[in-house]
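# Fold and geometry: a report
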Amino acid sequence: MTAPLIWVFFGLLAFSVPVAHAMLGGVAAALIADGKPLAVIVQRLYTPTQSFPMLAIPFFIMAGSLMMSGKFGVYLVNIARLLVGHFRGGLGQVTIIGSVMFGGVSGSAVADASALGNALIPVQKKEGYPGGFSAAVNSCASTVSVLIPPSIPLILFGLVSNVSIVDLFVAGILPGLMLGVGMFAMVAIVARAMKLPRSPLPGGFAAFKSQVFIAIPALLMPVFVIGTLRFGIATPTEVSVMAVAYALIVSGLLYRDLTWKGIWDASVETAMMTGAVMIIIMASSTIQWVLTAERVPQMLAEWVGVTFSEPWMVIIALNCVMLVVGAFLDLPAAVLLLGPLFVTIANSIGLDLVQLGLIMVVNLAIGLYTPPVGTTLFISTAIARCSIGETVRALLPFYGVAIIVLLLISYVPALTIY
């Protein structure tokens, strides 16, 4: 069954068919070729939707959407601008700092790229920043969101690998900060070479003092999430519901900017993002069923064991595969498709599964700003109104930073402590 699945799946992708539909087409072809009833697909589509931990996905998305719909984003950007705006290329640094802070609220790189990009890229261009550079910083910095908890991709990896989501959340903090610091340093180097202007926050410390206390409750959301999970007070699903309640209280009672329209817009955005993720989860379940029935994960692990003599060589091979796949598939689809296969290989070489999850998410996050299907790349470029070529050229040093962090995570297990 595997051969028809692969040929039809990649054939449909070549004709720009959405990934989930291409998966289902591949499975249908495999079942027809093997003479099995297509009703099996319906059964496999239904099964993964009955997972209680999966409810955490829409609730975390909803919490982030509620926070981002009001004044919190403005407060966050102003605080970041006061902290780093006085550096050369300070608005670029604001993008990095903002992404680290946004990551603890939204958990979505796409939401981060859109929110920060619309807020900062027009201001940067007005102050003389090249459009390609602004788009490059925004597109790569927004991927920090997929490591800082609550992270939707880490939740998905936990679901398909049976790894503790709490452990993944805790382990993702340090790599996320490493990416942020590396990009921060690269912006400083490039800004000095390009002689970009400084952009301190008007009003200085007085403005900071008045706004930081207003922003603190929202900035504490990731602390609330991690603390509640780490001390076993609640499960990830329960915490996600509590995060929505927290967002409603902060936005409605403290910021007083929560409206019925804002709640409706956040609900619509949550439904759309959850629907996109769920259909991929359902479709990937059917592919996993076919591959498991054909013993593909076991055969792949055996082939890797024979072909590569050392574990470090296996890790390099896995990284190369994930970098290539990430350039063509969206992050959730790639996690769900590759996760079950790579778990078997990781077990065969003794690679910790939490470390594998972080390696996978960092690899696939690079694909978000890599042509030809880089989501944050296209969002940022559209906002900056420049060409993809300009953005990619400006991204080259940032690719280097991401690869260095990726190698450190791959070969220094202590960096993924949990």
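Remember, it's a predicted structure, so these values are computed and weren't measured experimentally.

For the protein, the helix and strand inventory stands at 20 helices and zero strands. The C-alpha radius of gyration computed for the protein amounts to 22 Å, which stays within 12% of the reference 22 Å derived for 418 residues, consistent with globular compactness. Projected onto its principal axes, the C-alpha coordinates of the protein cover approximately 70 × 45 × 40 Å. A burial count over the protein gives 54% of its 418 residues as buried. Total accessible area computed for the protein in this model is approximately 17,200 Å², and 72% of it derives from carbon and sulfur atoms.

Any space left empty among the atoms is revealed by the rolling of a water-sized probe across them. There is about 1,300 Å³ of room inside the largest pocket. Of the residues contributing to the lining of the largest pocket, the split by class is 42 nonpolar, five polar and one charged.

Let us look at a nonpolar patch on the surface. Together, Trp-312, Ile-316, Ile-403, Ile-404, Leu-407, Leu-408, Tyr-411 and Val-412 make up an exposed nonpolar region whose accessible area comes to about 670 Å². Secondary-structure elements contributing two or more residues to the nonpolar patch are helix H16 (311-326) and helix H20 (388-411). Ranked by the residues each element gives to the nonpolar patch, the list is headed by H20, at five residues. Tracing the backbone through its elements, the reader meets Tyr-411 in helix H20. Residue Tyr-411 is classed as partly exposed on the basis of its relative accessible area, which comes to 33%.

For the protein, per-residue confidence averages 82 on the pLDDT scale, and residues scoring 70 or more make up 94% of the total. Per-element confidence in the protein ranges from a low mean pLDDT of 68 for helix H11 (residues 204-219) to a high of 94 for helix H18 (residues 353-366).

Before going further, it helps to examine the nonpolar core. Judged by nonpolar contacts, the single largest core of 133 residues is most densely connected at Ile-57, Phe-60, Phe-169, Met-183, Phe-342, Tyr-369 and Phe-398. Among the elements that make up this core, the one with the highest residue count is helix H10 (residues 165-194) (13 residues). If you look at the next biggest cluster of nonpolar residues, it comprises five residues, including Ile-121, Ala-135, Ala-384 and Cys-386.

Further remarks concern the pattern of salt bridges. For the structure on display, the rule yields one salt bridge. With its nearest N and O atoms 2.9 Å apart, the salt bridge here joins Lys-261 to Asp-265. Taken together, the residues span about one helical turn, with Lys-261 and Asp-265 both in helix H14 (residues 260-293) at a distance of four residues.

Take Asn-138: it is sitting in helix H8 (residues 131-141). A relative accessible area of 2% places Asn-138 in the buried class. Those residues in contact with Asn-138 that sit more than four places away from it in its chain are Thr-95, Ala-113, Leu-116, Gly-117, Ile-121 and Ser-380.

Where helix H2 (residues 19-34) meets helix H3 (residues 39-46), the closest approach of the two axes is 10 Å, and the angle between their N-to-C directions is 140 degrees. Compared by their axis directions, H2 and H3 come out oblique. When you trace H2 past H3, the crossing you get is right-handed. Residue-level inspection shows Leu-24, Val-27, Ala-28 and Leu-31 of H2 in contact with H3, the latter providing Val-40, Ile-41 and Leu-45. Partitioning the contact of H2 with H3 into residue classes produces seven nonpolar, no polar and no charged.

One pass over the full model with this rule turns up four aromatic pairs. Taking the centre distance of 5.4 Å and the plane angle of 20 degrees together, the rings of Tyr-369 and Tyr-399 count as stacked. In this pair, Tyr-369 is assigned in the loop between H18 and helix H19 (375-384) and Tyr-399 in helix H20, connecting sequence segments 30 residues apart. Residue classification places Tyr-369 among the buried positions, given a relative accessible area of 1%.

Turning to H16, a few remarks are in order. With 16 residues, H16 ought to run about 22 Å at 1.5 Å a step, and its terminal C-alpha atoms sit 22 Å apart, in line with that. Val-314, Ile-315, Leu-318, Asn-319, Met-322, Val-325 and Gly-326 are the residues of H16 that are buried. For H16, the arc enclosing every buried residue in end-on projection is 140 degrees, short of the 170-degree limit, so these residues lie on one face.

Attention shifts here to unusual backbone geometry. Residue Pro-149 is joined to Pro-150 through a cis peptide bond whose omega torsion reads 0 degrees. With respect to the element layout, Pro-150 can be found in the loop between H8 and helix H9 (152-161). Positioned with a positive phi, Asn-162 is a non-glycine residue whose angle comes to about 60 degrees. Structurally, Asn-162 is set in the loop between H9 and H10. Here the phi dihedral of Arg-385 falls at roughly 55 degrees; this positive angle occurs in a residue that is not glycine. When you line up the elements, Arg-385 lands in the loop between H19 and H20. The exposure class of Arg-385 is exposed, given its relative accessible area of 76%.

Take the environment of Met-282 next. Secondary-structure assignment places Met-282 in helix H14. Taking the C-alpha atoms as reference points, Met-282 and Thr-375, 93 residues apart in sequence, are found 22 Å from one another. For Met-282, the residues in contact, after removing those within four places along its chain, are Arg-44, Leu-45, Pro-48 and Thr-49.

Rules used in this analysis
- Every chain is numbered on its own, with residues counted from 1 as its sequence reads.
- The predicted origin of the model limits local features to residues at a pLDDT of at least 70 and limits the giving and counting of side-chain atom pairs to 80 or more, whereas totals for whole chains, interfaces and linings rest on all residues.
- With hydrogens and water stripped out, all remaining heavy atoms of the structure feed into the side-chain values.
- Per the convention used, a helix needs a DSSP run of H or I reaching at least four residues, while a strand needs a run of E reaching at least two, with both numbered from the N terminus.
- The globule rule is 2.2 Å times the number of residues to the power 0.38, and the radius of gyration it is compared with is taken over C-alpha atoms.
- Only protein chains enter the calculation, and the probe is 1.4 Å; a residue is then buried if its accessible area is under 20% of its type maximum, exposed if over 50%, and partly exposed in between.
- The method behind every accessible area is Shrake-Rupley, applied with a 1.4 Å probe, and residues are considered shielded solely by the protein chains displayed.
- Of the grid points, spaced at 1 Å and generated over the protein atoms alone, those admitting a 1.4 Å probe that cannot get out make up cavities, while open sets with protein on both sides within 12 Å along at least five of seven lines make up pockets; any residue with an atom within 4 Å of a point is treated as lining.
- Grid points are joined across faces, edges and corners, and a volume is the space filled by probe spheres set on the points.
- Put simply, Ala, Val, Leu, Ile, Met, Phe, Trp, Tyr, Cys and Pro go in the nonpolar bin, Asp, Glu, Lys and Arg in the charged bin, and everything else, Gly too, in the polar bin.
- Excluding any residue in a salt bridge, patches collect residues exceeding 30% relative accessible area, merging like charges within 9 Å and nonpolar Val, Leu, Ile, Met, Phe, Trp and Tyr side chains within 5 Å.
- Salt bridge criterion: a side-chain nitrogen from Lys or Arg within 4 Å of a carboxyl oxygen from Asp or Glu.
- The predictor attaches a confidence to each residue, called pLDDT, with possible values from 0 through 100.
- Nonpolar core, defined: a set of buried Ala, Val, Leu, Ile, Met, Phe, Trp, Tyr and Cys residues in which side-chain atoms within 4.5 Å join the residues together.
- Whether two residues touch is decided by their heavy atoms; if any such pair falls within 4.5 Å, the residues are in contact.
- Lines fitted to the C-alpha atoms define the axes, with helices restricted to the stretch that makes contact. Angles between their N-to-C directions range from 0 to 180 degrees.
- Our angle categories are set so that under 35 degrees counts as roughly parallel, over 145 as roughly antiparallel, 65 to 115 as roughly perpendicular, and the remainder as oblique.
- By definition, any crossing whose near helix is turned counterclockwise from its far helix by less than a right angle is left-handed, and any crossing with a clockwise turn is right-handed.
- Geometry of aromatic contacts follows a simple scheme: Phe, Tyr and Trp rings, the Trp one being its six-membered ring, pair when their centres are within 6.5 Å, and the pair is stacked under 30 degrees between planes, edge-to-face over 60, tilted otherwise.
- The span you would expect from a helix comes to 1.5 Å times its residue count less one.
- Taken from the helix axis, the directions to the C-beta atoms give the arc we talk about.

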